[in-house]
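# Understanding the architecture of this molecule
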Amino acid sequence: MANMIPQHAAQEAIPMPGGRTRKALGGYLVDAGKLTLANVERACRLQHEQAQWEPIGTILIKIGLVSERDVAESLSAQLDLPLADRMDFPDELPIDTRISHKFLKHSRTLILDEEDDQVSVAMADPLDQYVKEALALFTGKQIRPRVGIASEIDIGLEQRYDLKGDSDDASGIDAIQFLDDVEQLKELASEAPVVKLVNQLIHQAVESGASDIHIEPFEGILKVRYRVDGLLREVDAPPTRSTAAVISRIKIMANLDIAERRLSQDGRFKVRVRGKEIDLRVSTVPTMYGESVVLRLLHRDNVALDFGPLGFSRELEQFMYDILARPHGILLVTGPTGSGKSTTLYAALKHLNTPERKILTVEDPVEYNIEGVNQMQVKPQIGLTFASALRSIVRQDPDVIMIGEMRDKETAAIAVQSALTGHLVLSTLHTNDAAGSITRLMDMGIEDYLLTSTVNAILAQRLVRSLCPHCREAYAPMDEVVLRWGLKRFTQDQTITLYREAGCEHCGHSGYSGRSAIVELLVMTETIKQLILNHSDAGEISRVAAEGGMRTMFEDGLRKVVTGDTTIEEVLRVTQEQSQLQMTSRQHSPAKSADGKSDAERFGVTAVQKRGLKALLAAMATGSRRCLTTLLHWPGSVMAFLGKLWMRR
Ligand SMILES: [Zn+2]
């Protein structure tokens with residue numbers, strides 16, 4: 001890899017027609033005193049490592065090393081083209097009909113002035129030959145490009161085309177939403193009512209036990225949703241006209257650039273609610289109608305970091321202690337996003353955290369601070385990745401290493417190496433079940449014999465919502481249900497009583513409150529080792545492990561159903577979505593069925609869910625992994641509906 005990085009990126013010269021050369025953009029920024037040479041090289045390295053190519057200027061802005069204006073000014077010097085900032089934009093745009101506004105918006109081009117034989121334009125990317133040629137074709141004139149600032153062009157176009165004359169709109173929405181004066185925005189965001197609104201949003205979220213707050217602007221409306229016990233629920237949103245002020249307020253709290261609304265940003269801040277310290281991680285993403293903001297709430301001092309309270313059975317808890325007592329080897333925890341993997345790892349760390357052990361962690365993010373444990377936060381922007389952090393960690397003489405997630409081959413290889421050299425390694429993997437992790441590690445290039453000699457055990461888990469103790473209702477299940485799931489295995493009683501959700505004010509009328517883990521623990525026995533060395537598939541490994549006494553996640557869930565902790569529906573929801581999705585997408589059926597109801601009606605899908613699903617489908621088509629993990633949180637009926645939609649695409 002190293003030889004791919006230009007050593008002197010800033011001095012690198014670009015050949016130009018006519019034998020001249022042009023100094024690279026980075027060089028101009030260094031000359032202007034905006035950047036150090038080391039930073040330019042860092043950005044070049046990022047440019048090479050990124051899957052999708054981006055201009056160096058874009059990367060520099062994204063990682064916050066320079067402002068958009070700095071890049072535009074240097075670009076202007078580099079290309080010898082004048083800069084056009086928003087002071088140069090005309091009030092009325094000269095050409096309105098010949099060129100599609102969409103095209104201008106997409107190509108980030110604003111028409112400044114039109115004369116008899118030429119048109120001058122501000123372009124975010126003045127090197128875009130295609131745009132210049134297209135404009136020349138539309139207008140029949142020569143195009144004179146100037147260097148524009150992308151966000152200014154965006155706002156300029158919005159004001160001049162979409163919002164012309166609407167600034168006195170009765171709702172006042174537009175006037176506020178597209179404010180481009182940062183000072184004004186700052187002022188607005190610090191006004192007492194806005195501060196109060198934001199505080200209220202956070203307080204309410206804490207009180208309802210939410211893990212995330214989603215603030216999402218849509219066309220003419222602001223939505224707020226809380227994620228409680230893994231599922232989103234809509235709550236009262238602040239008035240739509242305060243959208244910009246609310247979002248700016250949060251950005252100020254998280255120390256983000258409030259002027260930047262075209263790029264995603266990440267930040268964090270702390271608040272105290274009723275004496276409890278809460279850490280909030282903020283992420284903003286530009287969407288069609290403004291910035292969408294998600295706040296993740298991390299309760300530092302309010303977590304049960306013991307296996308019992310997390311939902312482990314006594315037997316499994318003991319198994320975990322046995323595995324953690326081994327001096328070296330790997331313990332893996334697997335499951336989708338939001339399945340409680342990291343909480344389990346923290347419980348393990350807490351158990352291991354004694355004065356005679358040195359524990360080091362590499363995490364993304366550090367969710368809880370454990371006293372006495374050296375925790376390191378991954379920062380890929382500055383080259384501190386899981387792999388690079390691990391390489392330095394092993395030189396720190398640790399006994400126990402926790403790796404937040406094994407994302408790539410390199411990280412997995414270092415983990416195996418550390419386990420071989422006498423360390424106890426804890427980590428997570430993103431697979432569906434315990435046996436699946438073995439195939440995943442082999443796909444990552446870990447040799448079978450290394451796997452069998454280092455991995456001690458693999459724990460797979462999901463979180464099920466617990467029935468609200470205040471309102472759950474007892475009922476006698478039908479014989480078929482008892483028989484179908486073999487519920488008698490889990491109880492000595494002859495008559496089985498199950499519970500179902502009702503809903504009361506204690507649980508926000510959802511019938512559930514809190515969550516607990518259902519788990520399966522695959523221990524590396526001689527039989528399992530042999531299967532791995534024979535390269536048996538995950539299904540076979542799983543089957544043999546179950547024969548050997550491994551209780552599957554599903555069975556662990558049924559155990560909780562019988563004790564009245566949760567419902568069968570809930571256990572099915574978190575363990576079976578994927579097979580359900582596959583099943584429904586195989587059957588083809590028309591949009592309307594014989595009873596005249598649409599699929600949406602039959603599956604009980606609300607209009608809001610339907611809209612979300614369409615967006616999800618679009619994301620799925622691009623293969624986004626994030627959306628697939630989001631899917632795991634949807635109720636089964638919605639999943640089945642999604643299957644239909646997917647079929648009809
Ligand atoms: Zn209740």
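Thresholds applied
- Residues numbered from 1 in each chain as written.
- Predicted model: local features only at pLDDT ≥ 70, side-chain atom pairs only at ≥ 80, totals over all residues.
- Heavy atoms only, no water.
- Buried < 20%, exposed > 50% of the residue type's maximum accessible area, 1.4 Å probe, protein only.
- Helix = DSSP H or I, 4+ residues; strand = E, 2+ residues; numbered from the N terminus.
- Pairing = 2+ DSSP bridges.
- Donors = N, O, S within 2.8 Å, 3.2 Å for Na, K, Ca; no water.
- pLDDT = per-residue confidence, 0-100.
- Contact = heavy atoms within 4.5 Å.
- Axes fitted to C-alpha atoms, helices over the stretch in contact; angles between N-to-C directions.
- Parallel < 35°, antiparallel > 145°, perpendicular 65-115°, else oblique.
- Left-handed = near helix turned anticlockwise from the far one by under 90°.
- Nonpolar A, V, L, I, M, F, W, Y, C, P; charged D, E, K, R; others polar.

### Section: the pairing of strand β7 (residues 210-218)
Side-chain positions along a regular strand alternate between the two faces of the sheet. The element β7 is largely enclosed, with a buried count of seven among its nine residues. Both β7 and strand β8 (residues 221-228) contribute to a ladder of eight bridges, which runs antiparallel. The residue bridging F218 from the neighbouring strand is I221, located in β8. With antiparallel pairing between neighbouring strands as the criterion, β7 and β8 make up a hairpin whose turn holds two residues, including G220 at a positive phi of roughly 70°. As defined by bridge partners, β7 adjoins strand β12 (residues 290-299) across four bridges and the pair is classed as antiparallel. In the strand pairing of β12, H214 is matched with V294.

### Regarding the coordination of the zinc ion
Donor atoms from the polypeptide that bind the zinc ion are C468 (SG), C471 (SG), C504 (SG) and C507 (SG), placed at 2.3 to 2.4 Å. Sequence spacing of the donor residues for the zinc ion, all on one chain, is C-x2-C-x32-C-x2-C. One end of the pair, C468, is in the loop between β18 (455-467) and β19 (473-475); the other, C504, is in the loop between β20 (498-500) and β21 (512-523), and 36 residues separate them in sequence. We note that C468, like C504, is buried.

### Description of the confidence of the model for the protein chain
Counting all residues, the mean pLDDT for the protein chain is 80, and 80% of those residues have values of 70 or more. Below a pLDDT of 50 lies the segment residues 577-599, which in the model reaches 33 contacts outside its immediate sequence neighbourhood of four places, other chains included.

### Description of the packing of helix α17 (residues 434-443) against helix α21 (residues 538-547)
At their nearest, the axes of α17 and α21 sit 8 Å apart, and the two run at 140° to each other. The angle between the axes of α17 and α21 places the two elements in the oblique class. In this structure, α17 crosses over α21, and the sense of that crossing is right-handed. Here A435, G436, I438 and T439 of α17 lie close against α21, whose contacting residues are A538, I541 and S542. Classifying every residue of the contact of α17 with α21 by side-chain character gives four nonpolar, three polar and no charged.

### Considerations on the sheet that holds strand β17 (residues 424-429)
The strands making up a sheet associate through backbone hydrogen bonding, with each pair oriented either parallel or antiparallel. Strand order in the open sheet formed by seven strands is β15-β14-β16-β17-β13-β18-β21, and the pairing between neighbours is mixed. Each edge of the sheet is formed by a strand with only one pairing partner; in this case those strands are β15 (374-377) and β21. Across the sheet, the mean angle from the axis of one strand to that of its neighbour is 20°, orientation sign disregarded. Each of β13 (329-334), β17, β18 and β21 is contacted by helix α13 (residues 314-324), which is oriented at about 55° to β21, the strand it contacts most.

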